[in-house]
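Geometric and topological summary
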Amino acid sequence: QKEVEQDPGPLSVPEGAIVSLNCTYSNSAFQYFMWYRQYSRKGPELLMYTYSSGNKEDGRFTAQVDKSSKYISLFIRDSQPSDSATYLCAMNTNAGKSTFGDGTTLTVKP
Amino acid sequence: GAGVSQSPSNKVTEKGKDVELRCDPISGHTALYWYRQSLGQGLEFLIYFQGNSAPDKSGLPSDRFSAERTGGSVSTLTIQRTQQEDSAVYLCASSLEGSIVYGQYFGPGTRLTVT
């Protein structure tokens, strides 16, 4: 079993929809939780990070962490076609390597 | 400012040949990471440098893989006697002070194809 599980999708939504992306994990030592966005043939781009449990909001993006359930989410409000990409969750115990999910491919249709 | 750069962007090699992949991190970033991404998969950690030392090389899949970093800057990932299963995109990332709160900044990757 992988340490980090992520539904690969694909996920297709109409423009303006609220998108929910999720990951579950098994390692209770993870403390830092990140979301990356990756466009085709590009490197991942850090969107948000959260330390421990709680919510964090940045513009149209909200990251949630529930350590008791070992579950993290990324919500995208008012989704735009430019949000179409693969979204990767990642987790760290400390500085050093990140453990990534396999990514969810999102398409936002105009 | 300049981001993380990697070269070559694409590399096609024959099975059994050696390849070298290069990463130029963002200036001043002390931490450097190598990951591998196979088609449709997430990122697989290979090795982490802090300065010129590698405190975590646990992800290197075999002794055919090695990496070095010189002058706290440029890093080279070497794969000896390449195999078809080595085909993947090799991604390099750098960060400030090795702390995740500063974020990992990724390069565009090197797409390696072993024929």
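Now for the state of the cysteines. All names here are of chain A. Under the criterion given, the structure shown has two disulfides over all chains. Two residues share a disulfide in this structure: Cys 23 and Cys 89, whose sulfurs sit 2.0 Å from each other. Because the sign of the S-S torsion sets the handedness, a value of about -100° for the bond joining Cys 23 and Cys 89 places this disulfide among the left-handed ones. One end of the pair, Cys 23, is in strand β3 (residues 19-25); the other, Cys 89, is in strand β9 (residues 85-92), with 66 residues separating them in the sequence.

The two faces of a sheet get side chains in turn, since along a regular strand they alternate between them. All names here are of chain B. Within strand β4 (residues 31-37), seven of the seven residues are buried, which leaves it mostly tucked inside the rest of the structure. Neither face of β4 is left uncovered, since the one carrying Ala 31, Tyr 33, Tyr 35 and Gln 37 and the one carrying Leu 32, Trp 34 and Arg 36 both have all their residues buried. For β4 and strand β5 (residues 43-50), the ladder comprises seven bridges, and the chain directions are antiparallel. Residue pairing across strands places Arg 36 opposite Glu 44, the latter belonging to β5. Counting the residues in the hairpin turn of β4 and β5 gives five residues, including Gly 40, whose phi is positive at 70°.

Residue-level contacts link 20 residues of chain A with 22 residues of chain B. Together, the buried faces of chain A and chain B total about 1600 Å²; carbon and sulfur atoms form 57% of this surface. The largest per-residue losses of area from chain A upon contact with chain B belong to A:Arg41, A:Lys97 and A:Phe100, which jointly make up 28% of the total buried on that side. Linking chain A with chain B are four residue pairs in polar contact (both at pLDDT 80 or more). Breaking the side of chain A that touches chain B down by element, the ones donating at least two residues are β4 (32-38), β5 (45-51) and β9 of chain A. No other element matches β4(A), which puts four residues into the side of chain A that touches chain B. When grouped by side-chain class, the residues that make up the side of chain A that touches chain B number nine nonpolar, six polar and five charged.

In this section: the environment of B:Tyr48. Residue and element names in this part refer to chain B. Turning to its location among the elements, Tyr 48 is positioned in strand β5. Along the chain, Tyr 48 and Gly 3 lie 45 residues apart, while their C-alpha atoms are 18 Å from each other. At 3.2 Å, the side chain of Tyr 48 forms a polar contact with the side chain of Gln 50.

Residues and elements named next belong to chain B. Enumeration according to the criterion identifies seven salt bridges over all chains in this entry. Among the ionic pairs, Arg 36 bridges to Glu 44, the shortest N-O distance being 3.1 Å. Between Asp 86 and Arg 64 there is a salt bridge whose closest N-O contact spans 2.8 Å. Linking Asp 86 in the loop between β8 (75-79) and β9 (88-95) with Arg 64 in the loop between β6 (53-56) and β7 (65-69), this pair joins segments that are 22 residues apart in sequence. We note that Asp 86, like Arg 64, is buried.

What counts and what doesn't
- Here, residues in each chain are numbered from 1, in the same order as that chain's written sequence.
- Throughout, the order in which chains and ligands are written sets their labels, letters from A for the former and numbers from 1 for the latter.
- Two thresholds apply to this predicted model, a pLDDT of at least 70 for residue-level local features and 80 or more for giving and counting side-chain atom pairs, whereas whole-chain, interface and lining totals are computed over all residues.
- Remark: hydrogens and water are excluded; side-chain values derive from all non-hydrogen atoms of the structure.
- We call a pair of cysteine sulfur atoms a disulfide whenever their separation is within 2.5 Å.
- Numbering goes from the N terminus for both helices and strands, where a helix is a DSSP run of H or I of at least four residues and a strand is a run of E of at least two.
- Residue burial is assigned from relative accessible area. The probe radius is 1.4 Å, only protein chains are included, and a residue is buried under 20% of its type maximum, exposed over 50%, and partly exposed in between.
- By definition, two strands form a pair when at least two bridges between them are found by DSSP.
- Working rule for contacts: check all heavy atoms of both residues, and any pair within 4.5 Å makes them a contact.
- Summed over both partners, the accessible surface that disappears when two parts come together, traced with a 1.4 Å probe, is what is meant by buried area.
- Two N or O atoms count as a polar contact when they lie within 3.5 Å, although within protein this holds only if one can serve as hydrogen donor and the other as acceptor, and sequence-adjacent residues are included solely when both atoms are side-chain atoms.
- Gly falls in the polar group here, along with every residue not listed as nonpolar (Ala, Val, Leu, Ile, Met, Phe, Trp, Tyr, Cys, Pro) or charged (Asp, Glu, Lys, Arg).
- Salt bridges are defined by distance alone: a side-chain nitrogen of Lys or Arg within 4 Å of a carboxyl oxygen of Asp or Glu.

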